[in-house]
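Survey of secondary and tertiary structure
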Amino acid sequence: MRKIMVSLAALSLAACATTATTTDAAKPDVFATTPTQAIPVREQQVLFWDQKTRDYRFAHMEDYFAGFDTTPAPKVRVLPAGKPFDAATVAKLDAYLASQNAAGIMVLQDGKVRYEKYGLGFGPDGRWTSFSVAKSFTSSLLGAALKDGFIGSLSDPVTRYLPALKGTAYDGVTVEQIATMTSGVKWNEDYADPKSDVAQMLTVAPVDGESQAVTYARKLTREAPAGSKWVYKTLETNLLGDIVTAATGQSLAAYAKKKIVDPAGFAGGLFWMTDLTGSNIGGCCLSLHLSDYARMGQWVMEGGKPSEPEGWFAKAGSAQVDLGKGFGYGYQWWTYPDNVFGARGIFGQSITIVPEQNLVVAIVSDWPVASSDTYGTPRLKMIDAVRKAAAQ
């Protein structure tokens, strides 16, 4: 299965955005922040950080990159203790935590905590970066914008919300095709190639009145009819975020505060990075408590009330694109066999949702590599072991 990769340029450039820092004295629900620890540009590319640096910075991204922060939910969702797993399952989870360089694992069943442990010096009061897990949050904001009437239909043309894309390869592409990454627009997501689209998209000079994603999208060309070909494109989640922002008139962080943080009952709010234009980056870069990743999974599994349209996650979390062997891609959610779906990001971040067992597995990590079957396969095996134990 194709692996998610996050834009290095997003990580290298977001720190350069200039915003005003708000003091704790009169903190609003959503506030802009500036990094407190400036680092040279050459050190801002996450894939080139050594293991020790990543272990620390993944838990402190708001210290190094500009963005928007939110306050916690006014009513935090309580996650009571549940029945612990049997000793053999606990041993498997403990072994995974240690061998995969995980910072934390939380397993909920029926909304209760059946397992929670931490590593790498991380703990329940810290916030860990999401990487492409953020894509599923952006998708959820799309659903909320549909319910609120800000977006008329998934069939709407992208240009209705982003008119700067008229006359480009995105002319004639629908919002739904952006959500499923089936635009047919040619794209290179090779992170080893410094000349690839994903490496270059946030190096473009900011243009007044549009995000860097829109600026870069205007130069792209088409390789297939819209809707006919799936290619993973971080840019398209950035554009999806821009669509939500244009339609709602709010930053992703501000809309997420109302539509996700508060109704899901987050204990620690969220931090969402920005690009050079000060826009939240829809395809990556938010940070949460481990427990809030789990709360997100539980809230999604329960239908995302009251923010989402009825049945939204049944569609968003099902395979709109068939990737073979029971795997697929929905609206910015990965789908797995047995009606399981989830969010996934590089270096081992994930939220896995098993509706039939009312089960959520949230993991934050710092794998030695960004993405590899060497680490992805053990995660699938561990989750399978949890599912078997949860069925007993």
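What counts and what doesn't
- Residues numbered from 1 in each chain as written.
- Predicted model: local features only at pLDDT ≥ 70, side-chain atom pairs only at ≥ 80, totals over all residues.
- Heavy atoms only, no water.
- Helix = DSSP H or I, 4+ residues; strand = E, 2+ residues; numbered from the N terminus.
- Pairing = 2+ DSSP bridges.
- Salt bridge = Lys/Arg side-chain N within 4 Å of Asp/Glu carboxyl O.
- Core = buried A, V, L, I, M, F, W, Y, C linked by side-chain atoms within 4.5 Å.
- Buried < 20%, exposed > 50% of the residue type's maximum accessible area, 1.4 Å probe, protein only.
- Contact = heavy atoms within 4.5 Å.
- Phe/Tyr/Trp six-rings, centres within 6.5 Å; stacked < 30°, edge-to-face > 60°.
- Axes fitted to C-alpha atoms, helices over the stretch in contact; angles between N-to-C directions.
- Disulfide = S-S within 2.5 Å.
- Expected span 1.5 Å × (residues − 1).

**Section: unusual backbone geometry**
Note the cis peptide between Lys305 and Pro306, where omega equals -5°. Its location among the elements puts Pro306 in the loop between helix H10 (290-301) and helix H11 (312-316). Of note, the phi angle at Asn339 is positive, near 60°, even though the residue is not glycine. Inspection of the secondary structure assignment puts Asn339 in the loop between strand E10 (334-336) and strand E11 (340-345).

**A look at the pairing of strand E4 (residues 112-118)**
The pairing of strand E3 (residues 102-109) with E4 spans 6 bridges and is classified as antiparallel. Each residue of the ladder has a partner; that of Leu108, found in E4, is Val113.

**Concerning the pattern of salt bridges**
One pass over the structure, following the stated rule, counts 14 salt bridges. Notably, a salt bridge pairs Glu210 with Arg218, separated by 2.5 Å at the nearest N-O pair.

**A few points about the nonpolar core**
Ranked by internal contacts, the top residues of the largest apolar core, which has 94 residues, are Phe137, Leu142, Tyr170, Leu235, Leu239, Trp272 and Ile351. Aside from chain neighbours lying at most four places away, what touches Leu235 is Tyr170, Trp187, Met201, Ala213, Ala217 and Leu220.

**Observations regarding the packing of aromatic side chains**
Where two aromatic rings form a pair, the distance of their centres and the angle of their planes describe that pair. Throughout the structure, instances matching the rule amount to 22 aromatic pairs. Seen from their ring centres, Phe122 and Trp128 are 5.1 Å apart, and the 70° between their planes marks the pair as edge-to-face. Given the relative accessible area of 9%, Phe122 is considered buried. The exposure class assigned to Trp128 is buried, which follows from its relative accessible area of 0%.

**So, the sheet that holds strand E9 (residues 327-329)**
Across the sheet, which stays open at both edges, the 8 strands sit in the order E4-E3-E13-E12-E11-E10-E9-E8 with antiparallel pairing between neighbours. Looking at strand neighbours, the two that pair on one side only are E4 and strand E8 (321-324), the edges of this open sheet. In this sheet, neighbouring strand axes are inclined to one another by 20° on average, regardless of whether the strands run parallel or antiparallel. Where E8 lies against E9, 3 bridges are found, and the strand directions are antiparallel. Residue Gly324 lies in a different strand from E9, and its bridge partner there is Phe327. Contacting E3, E4 and strand E13 (359-365), helix H3 (residues 87-99) crosses the sheet at an angle of about 35° to E4.

**Here's the deal with the state of the cysteines**
Here the structure, examined in full by the defined rule, presents 1 disulfide. Shown here is the disulfide that connects Cys284 with Cys285, its sulfur atoms set 1.9 Å apart. As the torsion about the S-S bond is roughly -60°, the Cys284-Cys285 disulfide counts as left-handed. On the basis of relative accessible area, Cys284 is assigned to the buried category, the value being 0%.

**Some remarks on helix H8 (residues 234-248)**
Taking 1.5 Å per residue as the helical rise, H8 with its 15 residues ought to reach 21 Å, and the 21 Å between its terminal C-alpha atoms agrees with that figure. H8 sits mainly inside the fold: 13 of its 15 residues count as buried. Among the residues trailing H8, Gly249 stands out with phi positive, at a value near 75°.

**Details of helix H12 (residues 373-390)**
Here H12 is 18 residues long and its end C-alpha atoms lie 25 Å apart, about the 26 Å a rise of 1.5 Å per residue gives. The set of residues buried in H12 consists of Tyr375, Gly376, Arg379, Met382, Ile383, Ala385, Val386, Arg387, Ala389 and Ala390.

**Some thoughts on the sheet that holds strand E5 (residues 128-129)**
In space, the 5 strands of this open sheet follow the order E1-E2-E6-E7-E5, with antiparallel pairing throughout. Both outer strands of the open sheet, strand E1 (30-33) and E5, are each paired with one neighbouring strand and no more. Summarising the sheet, E1 and strand E2 (residues 67-70) pair through 4 bridges and their orientation is antiparallel. From the neighbouring strand, Val30 faces E2, where its bridge partner is Thr70. Lying over the sheet, helix H4 (residues 134-148) contacts strand E6 (271-273) and strand E7 (286-288), oriented at roughly 100° with respect to E6. Packed onto the sheet, helix H9 (residues 252-264) meets E1, E2 and E6 and runs at close to 25° relative to E2.

Geometry only, nothing functional implied.
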